[in-house]
Amino acid sequence: AQSVTQLDSQVPVFEEAPVELRCNYSSSVSVYLFWYVQYPNQGLQLLLKYLSGSTLVKGINGFEAEFNKSQTSFHLRKPSVHISDTAEYFCAVSGGGGSQGNLIFGKGTKLSVKP
Amino acid sequence: GAGVSQSPSNKVTEKGKDVELRCDPISGHTALYWYRQSLGQGLEFLIYFQGNSAPDKSGLPSDRFSAERTGGSVSTLTIQRTQQEDSAVYLCASSLGGGLQETQYFGPGTRLLVL
């Protein structure tokens, strides 16, 4: 079965510092990868997704992620964070032969940006 | 345009009662998903509807849970004889098609508390 591991449950960082949120997935077949963000008391919003092609994917709000097939990773990065980036971030995967379209999510990483 | 809407936003019920949660997907979206978000389990897939096909119910945790989608649009998730462990945020999502690469658009969720 597919699984997604987000290695850090919480990441505190100062404003304007760079940040990397780590995500690893387990699948021996091709998958599609997604990062979603959840602001307090809101639903999930898509940041970016990797379907195929270039392994560096750029998303909204200055975020980007790099797909690494050999390491089965899809880490999310931002070179300079803002207070408004404080939220919970979820990595997710679809495909891999086990689902009909539903997403398999990691446990989430809470990003806390401090002034 | 209008996003995915869910009602009620909050629901408090007593153990043993039945509850119904409603989801209005984005107009024209053929696929609809229900997920459950709880502290201990993270985001879990519950059920998936795609067009007129039989729903994928593989994520429903017990036979107390059921869902229907009327007219290919609005969906209702019903939990019978609620238990305290059913307390969670129930998220609905829709996508234009049911493909694995599709972006899922999430509603704000229904927060269910079973006393």
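One can find the structure itself at the top, above this paragraph.
Residues numbered from 1 in each chain as written. Chains lettered and ligands numbered in written order. Predicted model: local features only at pLDDT ≥ 70, side-chain atom pairs only at ≥ 80, totals over all residues. Heavy atoms only, no water.

### So, the side chain of B:S94
As for its position among the elements, B:S94 is in strand β8 (residues 88–95). Residues in contact with B:S94, not counting those within four places in the same chain, are B:V4, B:P25, B:I26, B:H29, B:A31, B:L32, B:Y33, B:T103, B:Q104 and B:Y105. (Helix = DSSP H or I, 4+ residues; strand = E, 2+ residues; numbered from the N terminus. Contact = heavy atoms within 4.5 Å.)

### As for the environment of A:C23
Residue and element names in this part refer to chain A. As for its placement among the helices and strands, C23 is situated in the loop between β3 (19–21) and β4 (24–26). When its relative accessible area of 0% is taken as the criterion, C23 is described as buried. Spatially, the C-alpha atoms of C23 and Q38 are 16 Å apart, while their sequence positions differ by 15 residues. In this structure, C23 is in contact with V4, T5, W35, T72, S73, F74, H75 and C91, ignoring residues within four places of it in sequence. (Buried < 20%, exposed > 50% of the residue type's maximum accessible area, 1.4 Å probe, protein only.)

### Structural notes on the nonpolar core
Residue and element names in this part refer to chain A. Counting 28 residues, the largest nonpolar core has L33, W35, L47, L48, F74, L76 and Y89 as the members making the most contacts within it. Secondary-structure elements contributing two or more residues to this core are β2 (10–14), β3, β5 (31–38), β6 (44–50), β8 (64–68), β9 (73–78), β10 (87–95) and β12 (109–114). Those residues in contact with L76 that sit more than four places away from it in its chain are V19, E20, L21, W35, L47, L48, F63, E64, A65 and Y89. (Core = buried A, V, L, I, M, F, W, Y, C linked by side-chain atoms within 4.5 Å.)

### Re the layout of surface pockets
The method is simple in principle: a probe with the dimensions of a water molecule rolls over the atoms, and the space it marks as empty is what remains. Quantified by volume, the largest pocket comes out at close to 780 Å³. Taken together, the elements giving at least two residues each to the lining of the largest pocket come down to β10 of chain A together with β2 (10–13), β4 (31–38), β8 and β10 (110–114) of chain B. A per-element tally of the lining of the largest pocket places β10(B) first, with four residues. (1 Å grid on protein atoms, 1.4 Å probe; cavity = no way out; pocket = protein on both sides within 12 Å on 5 of 7 lines; lining within 4 Å. Points joined across faces, edges and corners; volume = space filled by probe spheres on them.)

### Side note on a nonpolar patch on the surface
Together, B:V12, B:L113 and B:L115 make up an exposed nonpolar region whose accessible area comes to about 280 Å². Along the chain, the position of B:L113 falls in strand β10. (Patch = residues over 30% accessible without salt bridge, like charges linked within 9 Å, V, L, I, M, F, W, Y side chains within 5 Å. Areas by Shrake-Rupley, 256 points an atom, 1.4 Å probe, with all protein chains shown as cover. Salt bridge = Lys/Arg side-chain N within 4 Å of Asp/Glu carboxyl O.)

### Overview of the interface of chain A and chain B
Listed by partner, the interface residues are 21 residues for chain A and 21 residues for chain B. Buried area between chain A and chain B, summed over both chains or domains, comes out near 1,700 Å², and the portion from carbon and sulfur atoms is 55%. For the interface between chain A and chain B, the tally reads zero salt bridges. If you look at where chain A meets chain B, you find seven residue pairs in polar contact (both at pLDDT 80 or more). Going through the elements one at a time, β5, β6 and β10 of chain A are the ones with two or more residues in the side of chain A that touches chain B. When residues in the side of chain A that touches chain B are grouped by element, the largest group, four residues, is from β5(A). (Buried area = accessible area lost by both parts, 1.4 Å probe. Polar contact = N/O pair within 3.5 Å; in protein donor to acceptor, adjacent residues only side chain to side chain.)

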